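Geometric and topological summary
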Amino acid sequence: MTSVEDKQKNFATIVDGKVVDDCERVAVCIKGSVLGFPATIEAIKPDFPFGTSFFLETDVLHEHQGTKPSFTIVVTPKVAKGLSGFLGRLLLIDAHERPTGIKVFDSELLAHSEDLDICQRFIGYPGMAEKLRDLQRFNGFREFHIQGGKGLCLICPTNFKGLSYDVARETLQVMATIAQVLFEF
């Protein structure tokens, strides 16, 4: 089994970057870029129970530095699916469910946003609902934050030691295609 340092160096190739020593804040910090967007892979601690976070910045020109995001969408997986969905809403498991009207998305995921119109437009963008669903299926994320004018943040429950190279690479590739849409949105 490889050490955490070796794994960090290996994962740095995904983002064409380098391992950053930020041990006062996090145990694992890898910075680089994917499709021209600054990317970061972080973990507070490399082992259980701590997960791994992926960040992609879309404010590459620093036009929105110091300002609040123009909109925020938080995508989470549904806890109660199928027939149990009705009971789940009654028991307040998925109480904040606001359907987007996109069946592919609404069957497995929830979107939380203050602006339902922007949320529906973004998730309704051609292929976006499928990307989000597929990302959740192979990565198993707990939260995926989309911030207009800022970027993306994906919180994966898998610890850094247990995270596979292929899952991390594919996660960042899909996030980069979503970031391209967000950059132009």
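Structure shown above.
Residues numbered from 1 in each chain as written. Predicted model: local features only at pLDDT ≥ 70, side-chain atom pairs only at ≥ 80, totals over all residues. Heavy atoms only, no water.

Attention now goes to the overall build of the protein chain. A tally of helices and strands in the protein chain yields six helices and eight strands. The secondary structure elements of the protein chain, listed N-terminal to C-terminal, are α-β-β-β-β-β-α-α-β-α-α-β-β-α. Per-residue burial for the protein chain yields a buried fraction of 43% across its 185 residues. Restricting to contacts in the protein chain with at least 6 residues of sequence separation, those with at least 24 account for 59%. Only carbon and sulfur atoms are counted for the fraction: they give 54% of the accessible area of the protein chain, which is about 10000 Å². (Helix = DSSP H or I, 4+ residues; strand = E, 2+ residues; numbered from the N terminus. Buried < 20%, exposed > 50% of the residue type's maximum accessible area, 1.4 Å probe, protein only. Contact = heavy atoms within 4.5 Å. Areas by Shrake-Rupley, 256 points an atom, 1.4 Å probe, with all protein chains shown as cover.)

Ranked by size, the top nonpolar core spans 45 residues in total, and within it Phe144 and Leu172 carry the most contacts. A total of nine residues in this core trace back to one element, the largest contributor, which is helix 6 (residues 165-184). For Leu172, the contacting residues outside a window of four places in its chain are Ile14, Val15, Val34, Ala39, Ile41, Phe54 and Leu56. (Core = buried A, V, L, I, M, F, W, Y, C linked by side-chain atoms within 4.5 Å.)

The geometry of helix 5 (residues 128-139) relative to helix 6 is characterised by a closest axis approach of 11 Å and an angle of 160 degrees between their N-to-C directions. Relative to helix 6, the element helix 5 is oriented roughly antiparallel. Relative to helix 6, the crossing made by helix 5 is left-handed. Taking contact as the criterion, the partners of Met128, Lys131, Leu132, Leu135, Phe138 and Asn139 in helix 5 are, on helix 6, Val167, Glu170, Thr171, Val174, Met175, Thr177, Ile178 and Val181. (Axes fitted to C-alpha atoms, helices over the stretch in contact; angles between N-to-C directions. Parallel < 35°, antiparallel > 145°, perpendicular 65-115°, else oblique. Left-handed = near helix turned anticlockwise from the far one by under 90°.)

A few words now on the environment of Asp47. Positionally, Asp47 belongs in the loop between strand 3 (37-43) and strand 4 (52-57). Of the residues examined, Asp47 reaches a relative accessible area of 33% and is grouped as partly exposed. In the structure, Asp47 is positioned 43 residues away from Val4 in sequence and 9.6 Å away in space, judged by C-alpha atoms. Leaving out residues up to four positions away in the same chain, Asp47 has contacts with Asn159 and Lys161.

The next subject is the packing of aromatic side chains. Tallied over the entire structure, the rule returns five aromatic pairs. Among the aromatic residues, those joined into a ring-pair cluster are Phe11, Phe160 and Tyr165. Lys7 extends its terminal NZ or CZ atom over the ring of Phe160, reaching a point 5.5 Å from the ring centre. (Phe/Tyr/Trp six-rings, centres within 6.5 Å; stacked < 30°, edge-to-face > 60°. Lys NZ or Arg CZ within 6 Å of the ring centre and 35° of its normal.)

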